[in-house]
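Secondary and tertiary structure notes
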Amino acid sequence: MKRLDFRMVGVVLLAAAVGCKGDPTANLRTGVNSISLVPDLMFIDEGTTKAFEVTIRDQQLNPVAAPIEVTSVDPAVVTVEPDESVPSADNANYSFIVTAVGAGQTKLVATSGGVSDTATVTVLPTSFSGTITPAAPKAGDTVRIASTALLKFTAGATVQGPAGTTVTILSKTVDLLTVLAPAGTGAWTINGVDVTYVPGLTVGLTTAPITTTGSLWAASNSWQTAPNITSLIPAVGGGPTRMTVAPVSPNNSAVCPEAVLPFGSSGPCMMFRFDLAAAANVSFSTDWDGTAATDIDVYVCADSVNSAAAFNANCFEDGGAGATGAKPQTTGPGNAYGAGAHWFVIELYAGTTANTYVTIRRLP
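Remember, predicted model here, so these are calculated numbers, not experimental data.

**Here we look at the environment of T71**
Relative to the elements of secondary structure, T71 occurs in strand 4 (residues 69-72). Accessibility expressed as a relative area gives 34% for T71, which makes it partly exposed. For T71, the contacting residues outside a window of four places in its chain are V80, K107, L108 and V109.

**Observations regarding the layout of surface pockets**
One number sums up the size of the largest pocket: a volume of about 180 Å³. In this structure, the largest pocket is lined by 13 residues; those nearest its centre are G140, L180, S285, D287 and T359. Secondary structure elements with two or more residues in the lining of the largest pocket: strand 21 (280-290) and strand 26 (353-363). Element by element, the count of residues in the lining of the largest pocket is highest for strand 26, at four residues.

**So, the pattern of salt bridges**
Side chains that carry opposite charge are capable of pairing whenever their charged atoms lie near each other. Throughout the structure, instances matching the rule amount to three salt bridges. Notably, a salt bridge pairs D287 with K327, separated by 2.6 Å at the nearest N-O pair. With D287 in strand 21 and K327 in the loop between helix 2 (308-313) and strand 23 (329-330), the pair connects residues that are 40 residues apart, well separated along the chain. With relative accessibility at 11%, the residue D287 sits in the buried group. A residue is classified by how much of its surface remains accessible, and K327, at 42% relative accessible area, is partly exposed.

**Describing the sheet that holds strand 20 (residues 269-276)**
With respect to topology, three strands assemble into an open sheet ordered 20-25-22, the strand pairing being antiparallel. Of all the strands in the sheet, the pair left with one neighbour each is strand 20 and strand 22 (295-302). Looking at each pair of strands side by side, their axes are set apart by 20° on average, direction ignored. Strand direction decides the pairing type here: strand 20 and strand 25 (residues 340-350), joined by eight bridges, are antiparallel. Counted as the bridge partner of R273 is W343 from strand 25.

**Examining the nonpolar core**
Counting residues in hydrophobic clusters, the biggest one holds 24 residues, and the most contacted among them are F52, V54, I68, V70, F96 and L108. Counting residues per element, the ones that place at least two in this core are strand 1 (34-38), strand 2 (41-45), strand 3 (49-57), strand 5 (78-82), strand 6 (93-100), strand 7 (104-112) and strand 8 (115-124). Setting aside anything within four residues of it in sequence, one finds V70 in contact with F52, V54, V80, F96, L108, V109 and A110. The next biggest cluster of nonpolar side chains, apart from the first, holds 23 residues, and it includes F274, L276, F344 and V358.

**Some points on the side chain of T106**
Within the element layout of this structure, T106 appears in strand 7. In terms of polar contacts, T106 uses its side chain to reach the backbone amide nitrogen of D74, at 3.2 Å. In contact with T106, not counting residues within four places along its chain, are S72, V73, D74, V77, V78, A119, T120 and V121.

**Some points on the packing of aromatic side chains**
In this structure the tally under the stated criterion is four aromatic pairs. Geometrically, the ring pair formed by F284 and F344 is stacked, given 4.3 Å between the ring centres and 10° between the ring planes. Here F284, found in strand 21, pairs with F344, found in strand 25; they are 60 residues apart in sequence, far enough to count as distant. Of the two residues examined, F284 and F344, each falls in the buried class. Within the aromatic cluster, the residues linked to one another by ring pairs are F274, F284, Y337 and F344.

So, how was this worked out
- Residues numbered from 1 in each chain as written.
- Predicted model: local features only at pLDDT ≥ 70, side-chain atom pairs only at ≥ 80, totals over all residues.
- Heavy atoms only, no water.
- Helix = DSSP H or I, 4+ residues; strand = E, 2+ residues; numbered from the N terminus.
- Buried < 20%, exposed > 50% of the residue type's maximum accessible area, 1.4 Å probe, protein only.
- Contact = heavy atoms within 4.5 Å.
- 1 Å grid on protein atoms, 1.4 Å probe; cavity = no way out; pocket = protein on both sides within 12 Å on 5 of 7 lines; lining within 4 Å.
- Points joined across faces, edges and corners; volume = space filled by probe spheres on them.
- Salt bridge = Lys/Arg side-chain N within 4 Å of Asp/Glu carboxyl O.
- Pairing = 2+ DSSP bridges.
- Axes fitted to C-alpha atoms, helices over the stretch in contact; angles between N-to-C directions.
- Core = buried A, V, L, I, M, F, W, Y, C linked by side-chain atoms within 4.5 Å.
- Polar contact = N/O pair within 3.5 Å; in protein donor to acceptor, adjacent residues only side chain to side chain.
- Phe/Tyr/Trp six-rings, centres within 6.5 Å; stacked < 30°, edge-to-face > 60°.

In structure tokens:
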């Protein structure tokens, strides 16, 4: 029987080891096979930046060195550029900075060695970009707020003026809000804006600062100290003119002289005097910001002998047309007030209100 030569076994094992030296999967390393994008679904606020990582991989998902190019499908939504503060150490892992330019949704495309992959980027709005007409309205003017292709108005949309004042909405569709311009300068906030490219997302957005021209009138609850608005009474064939009145309450909480008013009014009031050189048909149409529970009455009083008794005895010159539950309230229409001094009275009969808007017309 032959003896086993252990020296020969060692040689065979050594030869086998040499034959297996190296990576047995080396033939699978075929260069760029895939690109990993992190994150591949990104949400970012308009005007901000976010980090974006890209890794080039081979068929076994190992990082592989290769050049990379990343572009934005829509640079009006986002731009992308290499993060120079984080250079690639292995030319396989790369860092980029994504900048949100405008609201919308787009894709980032990464390409290397003929291989491409994408990441979806959604830019959320941080301000309202629709058109507001006129851009510098007078207090009490009708203002049109138009939606955009991406931002629409919900059925519950509301508008707030400077300092959070409630803005009266005259009409509302998904594409257009028609409102009364509040007094004051500052951004308006539009609540209930539907971000159409993100299903189910409704937000509140601010506008750029809006300057409302015209005076914010503050009145007295006394006919003797009421400011004179004769200059606002339109000439024959002219007008209409508008005035915005500071809140009847709480800024002015005093009531009219109820002890002698014969018609039972009970709320805080403001009075404005106007003088007519001759009899004229004048109409005051009054609207206001406030809740559905708010009720404002308006009326006109006269005084021919400068006495409280005469003033109160000559109220409701319009026959009470402006003291109903309607919104807006309108005196007249077109009452022929005689020559002399008259007082236009706004009474907060119930509820609360912010600004009140008066349109004055001269009728035939």
